[in-house]
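The primary structure of each chain is shown beneath.
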Amino acid sequence: DGGITQSPKYLFRKEGQNVTLSCEQNLNHDAMYWYRQDPGQGLRLIYYSQIVNDFQKGDIAEGYSVSREKKESFPLTVTSAQKNPTAFYLCASGLAGGPGDTQYFGPGTRLTVL
Amino acid sequence: QKEVEQDPGPLSVPEGAIVSLNCTYSNSAFQYFMWYRQYSRKGPELLMYTYSSGNKEDGRFTAQVDKSSKYISLFIRDSQPSDSATYLCAMRAWDTGNQFYFGTGTSLTVIP
């Protein structure tokens with residue numbers, strides 16, 4: 001089955017810890033994205049990548065880091081510097097531009113800071 | 001002013017009703033418009049993708065784009081309880097292929 005997988009589905013973190021959220025896609029998409037979703041605020045872009053070994057900051061990159069070593073994978077690390085990390089995190093992928101480009105989302109990871 | 005405005009609702013309708021969901025936007029460069037459906041605690045799924053003004057129909061769903069008014073709509077005919085979800089509009093411009101702009105979502109409940 002083609003699609004985007006995210007793991008884990010639920011994640012609990014203690015204050016001061018870094019955690020890494022996994023995102024994998026087998027859609028052969030060049031572009032991958034990370035969003036954060038909070039109630040009433042819609043989707044906010046954290047980071048995106050158009051190509052392997054390259055990525056750009058989105059609107060709320062502070063306290064987060066990413067890597068893009070493989071086309072299929074775009075892990076997100078939530079560092080201890082992120083002041084309010086409890087949220088629903090969504091990974092997406094797409095064709096990186098062009099008329100037919102849109103975004104396909106994974107199932108999400110719900111992160112809770114204890 | 002936000003790039004994309006969407007009434008958050010909540011919207012509650014009886015089963016079988018016609019539902020109208022709307023978004024307005026400010027950037028005249030937006031050319032590609034999408035509607036996503038998101039069930040509680042799930043990722044958004046793409047429902048409709050349209051380009052330019054006009055209507056696009058897919059089963060019970062119709063997407064409408066009015067570029068002159070900077071207004072897009074999603075109509076759901078014969079609404080079902082399974083349509084109960086949050087609906088997100090999204091859009092992008094030709095020259096910012098990697099920048100998608102999302103509405104905050106409208107919560108819809110269809111009552112049996």
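What you see is a predicted model, and the numbers here were worked out from it, not measured in a lab.

(A) Spotlight on a nonpolar patch on the surface. Residue and element names in this part refer to chain A. Taken together, the side chains of Y10, F12 and L114 define a hydrophobic patch exposed on the protein surface, amounting to about 360 Å² of accessible area. Looking at the element boundaries, L114 is found in the segment after β11 (109–113). Its relative accessible area of 63% is what places L114 among the exposed residues.

(B) Seen up close, the interface of chain B and chain A. Between chain B and chain A, the residue contacts involve 20 residues of the former and 28 residues of the latter. Across the interface of chain B and chain A, roughly 1800 Å² is buried in total on both sides, 53% from carbon and sulfur atoms. Run the count over chain B and chain A and you get zero salt bridges. Remark: the boundary between chain B and chain A carries four residue pairs in polar contact (both at pLDDT 80 or more). For the side of chain B that touches chain A, the elements supplying multiple residues, two or more each, are β4 (30–38), β5 (45–51) and β9 (85–93) of chain B. Element by element, the count of residues in the side of chain B that touches chain A is highest for β4(B), at four residues. A breakdown of the residues in the side of chain B that touches chain A according to their chemical character gives ten nonpolar, seven polar and three charged.

(C) Fine view of the packing of aromatic side chains. Under the counting rule described, the total for this entry stands at 15 aromatic pairs over all chains. A ring pair is formed by F105(A) and Y36(B), whose centres lie 5.4 Å apart and whose planes are at 85°; its orientation type is edge-to-face. Linking F105(A) in strand β10 (residues 104–105) with Y36(B) in strand β4, this pair reaches from one chain into another. The two residues F105(A) and Y36(B) agree in class, both being buried. Between Y36(B) and F102(B) the ring centres are 6.0 Å apart and the planes differ by 45°, which places this aromatic pair in the tilted class. With Y36(B) in strand β4 and F102(B) in strand β10 (residues 101–102), the pair connects residues that are 66 residues apart, well separated along the chain. As far as burial versus exposure is concerned, Y36(B) and F102(B) are alike and both buried. Across from the ring centre of F74(A), 5.9 Å away, lies the NZ or CZ of R68(A), which sits over that ring. Over the ring of Y32(B) we find R92(B); its NZ or CZ atom is 4.3 Å from the centre of that ring.

(D) Broad picture of the side chain of R37(B). Residue and element names in this part refer to chain B. Position of R37 relative to the elements: it lies in strand β4. For R37, a relative accessible area of 13% translates into the label buried. At 3.4 Å, the side chain of R37 and the side chain of Y39 are in polar contact. Leave out the neighbours within four places in its chain, and R37 touches G43, P44, E45, L47, F61, D83, A85, T86 and Y87.

(E) Geometry of the pattern of salt bridges. Evaluation of the coordinates by the stated rule reveals six salt bridges over all chains. For the salt bridge of R44(A) with D38(A), the shortest nitrogen-to-oxygen distance reads 2.8 Å. In this structure D38(A) comes out as buried when scored by relative accessible area, which is 11%. Between D83(B) and R60(B) there is a salt bridge, with its nearest N and O atoms 2.9 Å apart. On the criterion of sequence distance, the pair formed by D83(B) in the loop between β8 (71–76) and β9 and R60(B) in the loop between β6 (54–58) and β7 (61–66) is long-range, its members being 23 residues apart. By relative accessible area, R60(B) is classed as partly exposed at 26%. Three or more residues are tied together by salt bridges with common partners; here these are R36(A), D38(A) and R44(A).

Criteria and cut-off values
Residues numbered from 1 in each chain as written. Chains lettered and ligands numbered in written order. Predicted model: local features only at pLDDT ≥ 70, side-chain atom pairs only at ≥ 80, totals over all residues. Heavy atoms only, no water. Patch = residues over 30% accessible without salt bridge, like charges linked within 9 Å, V, L, I, M, F, W, Y side chains within 5 Å. Areas by Shrake-Rupley, 256 points an atom, 1.4 Å probe, with all protein chains shown as cover. Salt bridge = Lys/Arg side-chain N within 4 Å of Asp/Glu carboxyl O. Helix = DSSP H or I, 4+ residues; strand = E, 2+ residues; numbered from the N terminus. Buried < 20%, exposed > 50% of the residue type's maximum accessible area, 1.4 Å probe, protein only. Contact = heavy atoms within 4.5 Å. Buried area = accessible area lost by both parts, 1.4 Å probe. Polar contact = N/O pair within 3.5 Å; in protein donor to acceptor, adjacent residues only side chain to side chain. Nonpolar A, V, L, I, M, F, W, Y, C, P; charged D, E, K, R; others polar. Phe/Tyr/Trp six-rings, centres within 6.5 Å; stacked < 30°, edge-to-face > 60°. Lys NZ or Arg CZ within 6 Å of the ring centre and 35° of its normal.

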